[in-house]
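Residue-level structure breakdown
These are the residues of each chain, in order.
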Amino acid sequence: MRWRNAILAGVAVAALATPVMAKVTAPAGARVFRLDGGGVTYAMGVDEKGYLQPLYWGSALAEGDPLVSGDPVKTGDPIVLKAPGELSGFDPAGSVTPQEYPGQGEGLVSEPGVKALFADGNRDLVLKYRSHRASGETLTVELADIRRPLFVTLIYTIDPETGIVARSATVRNGDAKPVRLDQLAAAVFSLPVGDDYRLHYLTGRHAAEWTQKVVPVEAAETVLESRRGSTGHGNNPWFAIGREGLTSEVHGPVWYGALAWSGSFRISVASDNLGRVRIAGGYNPYDFSWTLKPGETL
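About the cut-offs
The numbers attached to residues start from 1 for each chain and follow its sequence in the written order. At least 70 in pLDDT is required for a residue's local features to be given in this predicted model, at least 80 for side-chain atom pairs to be given and counted, and no such filter applies to totals for whole chains, interfaces and linings, which use all residues. Hydrogens are left out, water is left out, and the side-chain values use all remaining heavy atoms of the structure. By nonpolar core is meant a set of buried Ala, Val, Leu, Ile, Met, Phe, Trp, Tyr and Cys residues that side-chain atoms within 4.5 Å join together. Only protein chains enter the accessibility calculation, which uses a 1.4 Å probe; a residue is then buried when its area is under 20% of its type maximum, exposed when over 50%, and partly exposed in between. Labels follow the DSSP assignment, with helices taken as runs of H or I lasting at least four residues and strands as runs of E lasting at least two, numbered in each case from the N terminus. When checking whether two residues touch, look at their non-hydrogen atoms; a contact exists if any pair is within 4.5 Å. What counts as a salt bridge is simple: a side-chain nitrogen of Lys or Arg found within 4 Å of a carboxyl oxygen of Asp or Glu. Each polar contact in these results corresponds to two N or O atoms within 3.5 Å; when the atoms are within protein, one needs to be able to donate a hydrogen and the other to accept it, and residues that are neighboring in sequence are counted only if both atoms are side-chain atoms.

What follows covers the nonpolar core. Formed by 60 residues in total, the largest nonpolar core has its most connected members in Tyr-101 and Tyr-156. Sorting elements by how many residues they give to this core places strand S11 (residues 179–191) first, with nine residues. Setting aside chain neighbours within four positions, we find Tyr-156 in contact with Leu-35, Tyr-42, Met-44, Leu-52, Glu-100, Glu-137, Thr-138, Leu-139, Val-141, Val-165, Ala-166 and Arg-167.

Further remarks concern the pattern of salt bridges. This model, assessed by the stated rule, comprises 13 salt bridges. The salt bridge partner of Arg-266 is Glu-221, with a shortest N-O separation of 3.1 Å. Of the two residues, Arg-266 is situated in strand S17 (residues 265–271) and Glu-221 in the loop between strand S13 (211–216) and strand S14 (222–225); the sequence distance between them amounts to 45 residues. A relative accessible area of 16% means that Arg-266 is categorised as buried. Relative accessible area serves as the criterion here: at 37%, Glu-221 is assigned to the partly exposed category.

By the element assignment, Thr-138 lies in strand S8 (residues 138–145). When its relative accessible area of 17% is taken as the criterion, Thr-138 is described as buried. Engagement of the side chain of Thr-138 in a polar contact is seen with the side chain of Thr-157, the distance being 3.0 Å. Not counting chain neighbours up to four residues away, the residues in contact with Thr-138 comprise Val-24, Arg-133, Ile-155, Tyr-156 and Thr-157.

Among the structural elements, Asn-5 can be located in the segment before strand S1 (6–12). Judged by relative accessible area, which is 9%, Asn-5 ranks as buried. Separated by 276 residues in the primary sequence, Asn-5 and Gly-281 place their C-alpha atoms 9.4 Å from one another. Every residue in contact with Asn-5, bar those within four places of it in the chain, is listed here: Ser-168, Ala-186, Leu-259, Ala-260, Trp-261, Gly-282 and Tyr-283.

Dropping the structure here:
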């Protein structure tokens, strides 16, 4: 498997006295999927409108534990997840639904996973669940646009020893006409609502690399990027997010990730209009576009 543009992400958790193992739970017909390994659980589910929603990313949960606080959803649970309704005329349902990997469409105002321009000039891309399969420590989920044959394949692999989750995304054009991609992320992450998140990142210059910066996560987007065609030392393709008063150098929750890509990159971090933290990382859309001919993938 090639990780040409992937994000390796994890959660800092206490060491557990359990056997080293990894497990992907995604039975046929299921609407909730989870990956477990290295003391970490990562879970997502399909709501009644077909959106793939993030559910949980944190310390390991027992098999019967709820995946959402206050919600009875469990792995393989027949209960269908609910998609939120319209919040207001300025906040249509598509803009407030938490999506595991959103397309730029249906009123989305947060950072998309993929932005496309179709041959007729239409830019509305709405991705919904199509299929999934599990093999060993890997989960593959396919999404598709609601009107056009544009498909996104999401690949998740969890490491049994560390709980690190490797994520990547592949876009395929199934149409008879070309599609231009203007933005493509390896992954998009969501953290629960909170106003106490702090972003740690690394920056510097020649002979002064690896300087750590700490800033609050707010609605104003923080962008870590390189436009030089390589990673460089101005910003490192890495992030770590803790919580004020809970996270220290030696304990407390930390969500972190590194982008496995040596070219121009972009990682964005911000809270959305409902206070959920959203992280997206992949190709830098600055001076970028990629034309997918019929049948081609990126």
